[in-house]
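# Summary of the model geometry
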Amino acid sequence: MRADPVQRAIDEDLVRVLYAQNPIAFFTHWFAIAVLVSIYWVDMPYPHLFAACFGFYAVANFAALGLWLCRRRWPNAMTARNWIRLHALRGVLLYSAPGLAIWFAFHSRQADLPVLHTVMLVTLAAGVFMSNGFDLLNFSTGIIFVLLPAIVLLFGSHNFDRTILAIVLAFFFCAINVYAISYRKLFQRVVQARVDQQQLAESLAEQKHVAEEASLAKTRFFAAASHDLRQPLHAIGLLAASLNDVAVTQAQHGKTAAHIVHNVEALNQLFNQVLDLARLESGVTQVIRLHFRLDELFERVGSQYRPQAAAKGLALRIAPTTMVVHDDPVLLERVLSNLLSNAVRYTEEGAIWVGLRRGGRRDGGYIEVRDSGIGIPAVEQERIFEEFYQVANPQRDACQGHGLGLPTVRRLVELLGGELRLRSAPGRGSVFRFPVRVGDPGGIVTSLSDTVVTGPSAQGRRVLCIDDDPSILEGLTRLLGRWGCIVRGARDETLALQALSEGFVPDAVLCDFQLANHRTGAQALTAVREALRRSGHEGAVMLLITGDMASGELATLAAQGIPVLHKPVTPARLRRTLEILWQQAERDGAAGNLATASCPLPASR
Ligand code: ADP
């Protein structure tokens, strides 16, 4: 049996062609009745039986016409398959009378009647082939009644001429069946091709629709992004211009500088949110699952938002839990941070609740963030997951966010293999919920609080920076210098190797991903690591810094656990990453390591 849609299409086409022939068949059968009655008229054997037989033939012909009318009037009264079956039944009734009536020819005194009747039957058989040949059921039921009685009776007459006629008729019966097989195959191939073409057209239309939707979404995304990026840039431009004004006092300069810093931070925050999303979409975000205590994560996020909640007079309640989960603590922290930040922002009174619900699951539970805030109308509950969509911020005031939090949260939860659920009603608060997996207390290797302890100092550390952009190299060298590091800058891999050969042994190597002459940071880091290994210095930590989102190589690096920072990198982020890497390198006994897969690096993802 074929795949359902194709079989259905074949059946529907079959019904159409089978029934389309019926009006012509009606007249053909009246013609057959007229011819047969006239050839038997001179010597009609068993007149009553003959009248009953041909009366039945006439009634069957009217019944066939009735069936045709019903199908025209109520085409959906039954399935296509059932219309086909009914048509086959019609064939049995219609063809049995002329087929079996050849018996009268053998009981007539007219010697040529069997031959004349056979000629009539062959004509009818051609009609069966033409109008029912596409369907096995209709063809076989029709052709058997038309030809088989004649073949049997001709053979049984023990007359040479009639036996020859029986043989010819039997051959005709076989041949017509063979032709009908290829006729059916051809018909099925034609329908199959039509269905394929139709499906192709439908899928193309669907793909076109998806592509248009994606293009529209991107246009909306860029329109909103460019507006939100222009605002702080515009402000920075104006403020920077005022720095040149000689009439401005020192105090006003200080104020302007503070405004510039504020706008740069806003810009940076927006960039980071956009890049977070882009990273999630490009698949370079690593999921590193650890066994950890959920209450440590709750406490960590809670402590960040408790002051903001308290400032608005809100209670932030964290339900105690002893559950150990097996999930990515860094990504979960980002999910919870976004949800809590929204809960605080959109709640004016009452409380915010964070906790775990088992929800009847043995292998995990659901983290819930509830608030008693303004709630979200049902019509907005899907749109709020679109990038840059905000329910009520027509002025696009940056202080009220950018509409990127929930799209990021949804993708993060999906990346972790779950689904984000929302329950909310205007004025009745909101509940966001997503699943977590249960972990193994024996598998806990680090406490989440470990990663927030102050790392080893940067003072006196030797750092090798590789970047082909002189201004970035200059900025990086100065920044690291201010932290007390001893820095060597190199514009490419060759200069970096030269620094090593001159005896510079780094504690850290920072490398840009896209270097000049089509070299990549990954290649440069490999060369540096190899050179260090040869000279017996393997303790340096390595870090890639990139503005590249989609490179397949980046995805590979991410999969290998090589720490990658995405531009723009804030000084705090860089320092924190370096400290964590040094901390881990020291813990690992300063073994030469590039593999940091076990380190939950907040900055790298
Ligand atoms: P934003 O940075 O603007 O908060 P989000 O993507 O996080 O962007 O949220 C999109 C919109 O969803 C917000 O503008 C807000 O209207 C609505 N929203 C999100 N969380 C809540 C909540 N807890 N209560 C009410 N509305 C919310």
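Residues numbered from 1 in each chain as written. Predicted model: local features only at pLDDT ≥ 70, side-chain atom pairs only at ≥ 80, totals over all residues. Heavy atoms only, no water.

### What about the pattern of salt bridges?
Applying the stated criterion across every chain, the model contains 24 salt bridges. Where Glu-382 meets Arg-410, a salt bridge forms, and the shortest distance between an N and an O atom there is 3.1 Å. Residue Glu-382 is located in the loop between strand 5 (364-371) and helix 12 (405-415), and its partner Arg-410 is located in helix 12; the two are separated by 28 residues in the primary sequence. Residue classification places Arg-410 among the partly exposed residues on the basis of a relative accessible area of 24%. One network of salt bridges, with partners in common, ties together Arg-357, Glu-368, Arg-370 and Arg-433. (Salt bridge = Lys/Arg side-chain N within 4 Å of Asp/Glu carboxyl O. Helix = DSSP H or I, 4+ residues; strand = E, 2+ residues; numbered from the N terminus. Buried < 20%, exposed > 50% of the residue type's maximum accessible area, 1.4 Å probe, protein only.)

### Quick notes on the sheet that holds strand 2 (residues 315-318)
If you walk across this open sheet you meet the five strands as 2-4-5-7-6, and the pairing is mixed. On the outer flanks of this sheet lie strand 2 and strand 6 (421-424), each paired with one strand and no other. Across the sheet, the mean angle from the axis of one strand to that of its neighbour is 15°, orientation sign disregarded. Relative to strand 2, helix 10 (residues 294-311) is tilted by about 180°, and along the sheet it contacts strand 2, strand 4 (351-357) and strand 5. (Pairing = 2+ DSSP bridges. Axes fitted to C-alpha atoms, helices over the stretch in contact; angles between N-to-C directions. Contact = heavy atoms within 4.5 Å.)

### A word on the state of the cysteines
Put plainly, two cysteines are in a disulfide when a covalent bond ties their sulfur atoms together. Evaluation of the coordinates by the stated rule reveals zero disulfides. With no disulfide partner, Cys-485 has as its closest neighbouring cysteine sulfur the one in Cys-465, 8.5 Å distant. A relative accessible area of 9% places Cys-485 in the buried class. (Disulfide = S-S within 2.5 Å.)

### Focus on the site of the ligand
In the region of the ligand, 21 residues are neighbours, and Asn-342, Arg-345, Asp-371, Gln-390 and Leu-406 sit closest. Contact distances for the ligand include 2.7 Å between an oxygen atom and a side-chain N or O atom of Asn-342. At 3.3 Å from an oxygen atom of the ligand is found a main-chain nitrogen or oxygen belonging to Gly-405. Burial of the ligand by the protein amounts to 97% of the accessible area it has alone, namely 530 Å². Only helix 11 (329-345), helix 12 and strand 7 (430-437) provide two or more residues apiece to the shell around the ligand. (Near = heavy atom within 4 Å. Polar contact = N/O pair within 3.5 Å; in protein donor to acceptor, adjacent residues only side chain to side chain. Areas by Shrake-Rupley, 256 points an atom, 1.4 Å probe, with all protein chains shown as cover.)

### What to know about the sheet that holds strand 12 (residues 564-566)
Pairing within the open sheet is parallel, and its five strands lie in the order 9-8-10-11-12. What marks the edges here is a single partner per strand, and that holds for strand 9 (486-490) and strand 12. Put simply, the sheet's adjacent strands are angled 20° from each other on average, direction ignored. Bridge analysis of strand 11 (residues 541-546) against strand 12 gives three bridges, and the strand direction is parallel.

### What to know about the packing of helix 6 (residues 113-132) against helix 8 (residues 160-242)
Angle between the axes and distance between the axes: these two values describe a pair of packed helices. Running from N to C, helix 6 and helix 8 point in directions that differ by 5°, and their axes come no closer than 11 Å. Overall, the two elements helix 6 and helix 8 adopt an arrangement that is roughly parallel. Touching Pro-114, Val-115, Thr-118, Val-122, Ala-125, Phe-129 and Met-130 of helix 6 are Arg-162, Leu-165, Leu-169, Phe-172, Ile-176, Tyr-179, Ala-180 and Tyr-183, all from helix 8. Looking at side-chain class alone, the contact of helix 6 with helix 8 contains 13 nonpolar, one polar and one charged residues. (Parallel < 35°, antiparallel > 145°, perpendicular 65-115°, else oblique. Nonpolar A, V, L, I, M, F, W, Y, C, P; charged D, E, K, R; others polar.)

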